[in-house]
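Structural overview
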Amino acid sequence: MIFKVFYQKDKSRSPRRETTETLYLDIDVDNISDGIIIARELLAKNTEYHIEFIDGLSDEAVEYEKETGVFEITSF
């Protein structure tokens, strides 16, 4: 399942919509809840980002993301 992560690179400042960035993770899970937990653990272990939100994407949403933006799976 593909997860879209909204984050801030700098933990020392309050989150601002204008500086929110995104990345995509491909995590092999059966449900969204488990994927969010694993995603948070991966990000905590490998980054210093301030995580705002993690969303599990449907197949249609993944296709939309591929068509409209820079879609690249992040791996650690």
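So, here's what we can say about the structure. Here the structure is a predicted model, which means the values were calculated and not measured.

Procedures and definitions
Residues numbered from 1 in each chain as written. Predicted model: local features only at pLDDT ≥ 70, side-chain atom pairs only at ≥ 80, totals over all residues. Heavy atoms only, no water. Buried < 20%, exposed > 50% of the residue type's maximum accessible area, 1.4 Å probe, protein only. Helix = DSSP H or I, 4+ residues; strand = E, 2+ residues; numbered from the N terminus. Pairing = 2+ DSSP bridges. Contact = heavy atoms within 4.5 Å. Salt bridge = Lys/Arg side-chain N within 4 Å of Asp/Glu carboxyl O. Axes fitted to C-alpha atoms, helices over the stretch in contact; angles between N-to-C directions.

**Thoughts on the pairing of strand β1 (residues 2-8)**
Sheet faces and side chains relate simply in a regular strand, where the side chains alternate between the two faces. When you tally the buried positions in β1, you get six out of seven residues, the bulk of the element. Pairing between β1 and strand β2 (residues 21-26): six bridges, direction antiparallel. Among the inter-strand pairings, F3 is bridged to a residue of β2, identified as L25. Relative to strand β3 (residues 50-56), β1 runs antiparallel, the two sharing six bridges.

**Some thoughts on the environment of K9**
Tracing the sequence through the fold places K9 in the loop between β1 and β2. Between the C-alpha atom of K9 and that of H50, which follows or precedes it by 41 residues, the distance is 6.3 Å. Apart from the residues within four sequence positions on either side, K9 is in contact with E21, E48 and Y49.

**Examining the pattern of salt bridges**
Per the stated rule, a full pass over the model turns up four salt bridges. Ionic pairing is found between E65 and K4, a salt bridge with its closest N-O pair at 2.9 Å. Here K4 lies in strand β1 and E65 lies in helix α2 (residues 59-68), a separation of 61 residues in the sequence. E65 sits in the buried class, given a relative accessible area of 13%. What makes K4 buried here is its relative accessible area of 13%.

**Concerning the sheet that holds β2**
Taken in spatial order, the three strands make up an open sheet running β2-β1-β3, and their pairing is antiparallel. Looking at which strands have only one partner, the edges of the open sheet turn out to be β2 and β3. Ignoring strand direction, the axes of neighbouring strands in this sheet form an average angle of 25°. Docked against the sheet, helix α1 (residues 32-46) engages β1, β2 and β3, running at close to 150° with respect to β3.

Coordinates in, geometry out; function isn't part of it.
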